[in-house]
Amino acid sequence: AQTVTQSQPEMSVQEAETVTLSCTYDTSESDYYLFWYKQPPSRQMILVIRQEAYKQQNATENRFSVNFQKAAKSFSLKISDSQLGDAAMYFCAYRGPQGGSEKLVFGKGTKLTVNP
Amino acid sequence: DTAVSQTPKYLVTQMGNDKSIKCEQNLGHDTMYWYKQDSKKFLKIMFSYNNKELIINETVPNRFSPKSPDKAHLNLHINSLELGDSAVYFCASSAHSSYNSPLHFGNGTRLTVT
């Protein structure tokens, strides 16, 4: 079964600085998708960024970028110029082919605090 | 213009009661899901429906029964509520069931069983 591991239960960053959240996963598949979701205190689950395993280029969305290392099965999220509104739980997630029942598997999350 | 909406937002009830959570999506998606987030924030899938057909049914007690009257709705009915059912329940949808389709989540329903 696919598993997703986020080894940092909590992280903190100073406003305007850069922080990297780690994620590793386990799969025997060659094509799959990886996602980062953000959950602020409002509880809403917000898609931050996604990466297809077949694409070598790392995905970027404004201040958010990923470092995707397929061989190492690593998918870290970099947040540049951190803002107070970035404070949230961040979940890494994997979704791969499972014969028609491709569920999204989440890591346990990293709580990010942004200090002013 | 809410994409995935679920009601109620909060639900407080006593052990042994039966309750329902409703979910609707206006994105035209084919696939809908229920996820449970426990007190440690861990998210785990419970059910998934594709075009009203059940395609994922994780190890969930029989007291939980999803119902999909059409592909825009997926409701969750819970019988004989227990203390351990207290959690946040998220409804989600995706364009289709394939793995390249991201999930869009509702705002969650916090269920508290006393």
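Let us look at the structure shown here. (Residues numbered from 1 in each chain as written. Chains lettered and ligands numbered in written order. Predicted model: local features only at pLDDT ≥ 70, side-chain atom pairs only at ≥ 80, totals over all residues. Heavy atoms only, no water.)

1. A closer look at the interface of chain B and chain A
Then, in step 1: Each partner contributes residues to the interface: chain B has 28 residues there, and chain A has 24 residues.
Then, in step 2: Between chain B and chain A, a total of about 2100 Å² is buried, with carbon and sulfur atoms accounting for 57% of that surface.
Then, in step 3: Among the residues chain B hides against chain A, the three largest losses belong to Leu43, Tyr99 and Phe105 of chain B. Together they make up 32% of the total.
Then, in step 4: Taken together, the links from chain B to chain A amount to 1 salt bridge. (Contact = heavy atoms within 4.5 Å. Buried area = accessible area lost by both parts, 1.4 Å probe. Salt bridge = Lys/Arg side-chain N within 4 Å of Asp/Glu carboxyl O.)

2. Examining unusual backbone geometry
Then, in step 1: The omega torsion of the bond from Thr7 of chain B to Pro8 of chain B falls at 0 degrees, within 30 degrees of zero and hence cis.
Then, in step 2: With a phi close to 80 degrees, Ala16 of chain A is a non-glycine residue in the positive phi region.
Then, in step 3: Position of Ala16 of chain A relative to the elements: it lies in the loop between β2 (10-14) and β3 (19-21). (Helix = DSSP H or I, 4+ residues; strand = E, 2+ residues; numbered from the N terminus.)

3. Thoughts on the side chain of Ser65 of chain A
Then, in step 1: Mapped onto the fold, Ser65 of chain A is located in strand β8 (residues 64-69).
Then, in step 2: The residues touching Ser65 of chain A, leaving out its near neighbours within four places in the chain, are Ile49, Ala59, Thr60, Ser76, Leu77 and Lys78 of chain A.

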